[in-house]
Amino acid sequence: MRRALSCLIAVSALAGCSLAPKYVQPAAPVPAQFPQGGAYPAPDAGVPGKPWRETFTDPRLQSLVEQALASNQDVALALANVAAARARHGQQRAQLFPGLDVAAGYDRSGGSGADSDRFSVQAQVPGYEIDLFGRLSSLSGAARERWLASEEARRGVRLAVVSEVAQAWLAHAADASLLAVAKDTAASASESLRLNRLRLAGGVAPRTDVRQAEIVLRTAEADVADLTTALAQDRNALRLLLGAEPAEADLPQSIADADRAIGMVPAGLDSTVLLRRPDVMEAERELRAANAEIGAARAALFPKITLTGLLGFASDALGGLFSGGAFAWSGGIDAGYSIFSGGAGRAGVRLSEAQRDAALASYRKVIQTAFRDVADALARAGTIDAQLRAVEA
């Protein structure tokens, strides 16, 4: 027994090593700074990252955003995905520890006028794999990274919902203003048509003036119909995001009514700020998980060592079940190794490495896409004032 325990302790001391490649965060495949000059605004010392309430400052918009975050189904789905990923990690991590099964039994047999009873209680360790080469710890690490990736995905969904509510709210404000303009235009065109008809009847205007006035009126009426539809669709978009009917008091009646709803976000120049975006952090967690799975695939090439154990009590009488002669135990260590598998083990390693390379490419693509998103937004911010002044003039 002492020799068996000494052997088990020696083997267990070797367990936990990892064959996964050392993870090194890849360099961001984008310029160190965002574009400057030309269409882009002047540099700002600030760094984006303010809470959404400091960006969307209108209390009505804040109320709608909070309602959406509480009841939006995309947010609920993302939260459920996090819970599922956390549970999968718990399942995988549990394999690092030995299980223990307990069973109790009673048998009665008889024949030829003699009956006998047998009572038993057993505790069993059912095939505990000693993680000598880090296969289980690598799989547990990969499951943990995917759990954290799902958490980043949840953050990304929340930010997307905040953005979509703000966009739908502002679209409602803009379409309400455009509808008012279209109605005014239709009223003006209707009056113009009336006057041109009077002039035609008085012989001081050609019929082409009447036809032109009719075209202007019908175009304005079409705009009224189109913008009435757009306003209804804006409300439908908000209803979907909120999961309920938006309160009329929370809706802006014009673009001027929503003019001060958006606070300015400073434009930082250091592109490393992109690494804080949820979609980028999610992609990196997936890359870490793929890296850990290489270690599991490599460890699968080595022998698997399994510990089994059984101890229990058995007796013909319930009262003597736990007496001296009723106790028995057994234990053992098994080592298994596949001598020939047609190259499946090494193919598994190559597969995990290819999946790691795919995750790396995906991570780089997400950073590049994020860089473009920010650069496009900065270009729009740098030119919008000039466009607005020209339109107003």
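The coordinates are above.
All of the points below concern the structure found in this document.

Procedures and definitions
- Along each chain, residue indices are assigned from 1 in the same order as the chain's sequence is written.
- Only residues with pLDDT of at least 70 get local features here, since the model is predicted, and only at 80 or more are side-chain atom pairs given and counted; chain-wide, interface and lining totals rely on the full set of residues.
- Heavy atoms from the whole structure form the basis of all side-chain values; hydrogens and water molecules are not counted.
- Here a helix means four or more residues in a row that DSSP labels H or I, a strand means two or more in a row labelled E, and each is numbered from the N terminus.
- Burial classification: accessible surface area is computed with a 1.4 Å probe over protein chains only, and a residue below 20% of its type maximum counts as buried, one above 50% as exposed, and the rest as partly exposed.
- Working rule for contacts: check all heavy atoms of both residues, and any pair within 4.5 Å makes them a contact.
- A patch consists of residues exposed above 30% relative accessible area that lack any salt bridge, with like charges linked at up to 9 Å and nonpolar side chains (Val, Leu, Ile, Met, Phe, Trp, Tyr) linked at up to 5 Å.
- To be clear on the numbers: accessible area is Shrake-Rupley with a 1.4 Å probe, and residue cover counts the displayed protein chains and nothing else.
- A pair is scored as a salt bridge if a Lys or Arg side-chain nitrogen falls within 4 Å of a carboxyl oxygen belonging to Asp or Glu.
- Think of it this way: a Phe, Tyr or Trp ring, Trp meaning its six-membered ring, pairs with another when their centres are within 6.5 Å, and the plane angle makes it stacked under 30 degrees, edge-to-face over 60, tilted otherwise.
- Every angle, taken between N-to-C directions, lies between 0 and 180 degrees, and every axis is a line fitted to C-alpha atoms, over only the stretch in contact when it is a helix.
- The scheme is simple: roughly parallel for angles under 35 degrees, roughly antiparallel for over 145, roughly perpendicular for 65 to 115, oblique for anything else.
- With the far helix as reference, a near helix turned anticlockwise by less than a right angle produces a left-handed crossing, and one turned clockwise produces a right-handed crossing.
- Side-chain classes follow a simple rule in which Ala, Val, Leu, Ile, Met, Phe, Trp, Tyr, Cys and Pro form the nonpolar group, Asp, Glu, Lys and Arg form the charged group, and the remainder, Gly included, forms the polar group.
- Buried Ala, Val, Leu, Ile, Met, Phe, Trp, Tyr and Cys residues that are joined via side-chain atoms within 4.5 Å together make up what is termed a nonpolar core.

Remarks on the overall build of the protein
Consideration 1: Across its full length, the protein carries 8 helices and 4 strands.
Consideration 2: Going residue by residue from the N terminus, the α and β elements of the protein occur as α-α-α-α-β-β-α-α-α-β-β-α.
Consideration 3: By the burial criterion, 31% of the 393 residues in the protein qualify as buried.
Consideration 4: The long-range fraction of contacts in the protein, counting pairs at least 24 apart against all pairs at least 6 apart in sequence, stands at 82%.

Examining a nonpolar patch on the surface
Consideration 1: On the surface, Y337, I339 and F340 cluster together into a nonpolar patch covering about 480 Å² of accessible area.
Consideration 2: Relative to the elements of secondary structure, Y337 occurs in the loop between β4 (327–336) and α8 (344–392).

As for the packing of aromatic side chains
Consideration 1: One pass over the full model with this rule turns up 1 aromatic pair.
Consideration 2: Ring plane angle 25° and centroid distance 4.7 Å describe the contact between F133 and F302, whose orientation is recorded as stacked. Placement of F133 in the loop between β2 (114–130) and α5 (135–201) and of F302 in the loop between α7 (278–299) and β3 (304–315) is noted, with a sequence separation of 169 residues between them.
Consideration 3: We classify F133 as partly exposed; its relative accessible area is 22%.
Consideration 4: The exposure class assigned to F302 is partly exposed, which follows from its relative accessible area of 38%.

Regarding the environment of N72
Consideration 1: Mapping N72 onto the fold places it in the loop between α3 (59–71) and α4 (73–94).
Consideration 2: Once the C-alpha coordinates of N72 and L241 are considered, the two residues, 169 residues apart in sequence, prove to be 5.8 Å apart.

A short note on the packing of α3 against α5
Consideration 1: Viewed as axis vectors pointing N to C, α3 and α5 meet at an angle of 140°, and their least axial separation amounts to 9 Å. When the interaxial angle is binned, α3 and α5 end up oblique. Once α3 is placed against α5, the crossing between them reads as right-handed. Only R158, V161, V162, V165, A166 and W169 of α5 make contact with α3, whose side of the interface consists of R60, L61, L64, V65, A68 and L69.
Consideration 2: Here the residues of the contact of α3 with α5 are counted per class, giving 10 nonpolar, no polar and 2 charged.

Examining the nonpolar core
Consideration 1: L61, V65 and V165 are the most contacted members of the largest nonpolar core, which has 21 residues in total.
Consideration 2: Counting only elements with at least two residues in this core, the list comes to α3, α5 and α6 (207–242).
Consideration 3: Take this core: its biggest share by element is 7 residues, from α5.
Consideration 4: Not counting the four nearest positions on each side in its chain, V65 is found in contact with W52, V162 and V165.

A closer look at the pattern of salt bridges
Consideration 1: Tallying each qualifying case throughout the model produces 22 salt bridges.
Consideration 2: Residue R146 pairs with E286 through a salt bridge whose shortest N-O separation is 3.2 Å. Highlighted residues: R146 in helix α5 and E286 in helix α7, separated in sequence by 140 residues.
Consideration 3: Of the charged contacts in the structure, one is a salt bridge between E214 and R197, with a shortest N-O distance of 3.4 Å.

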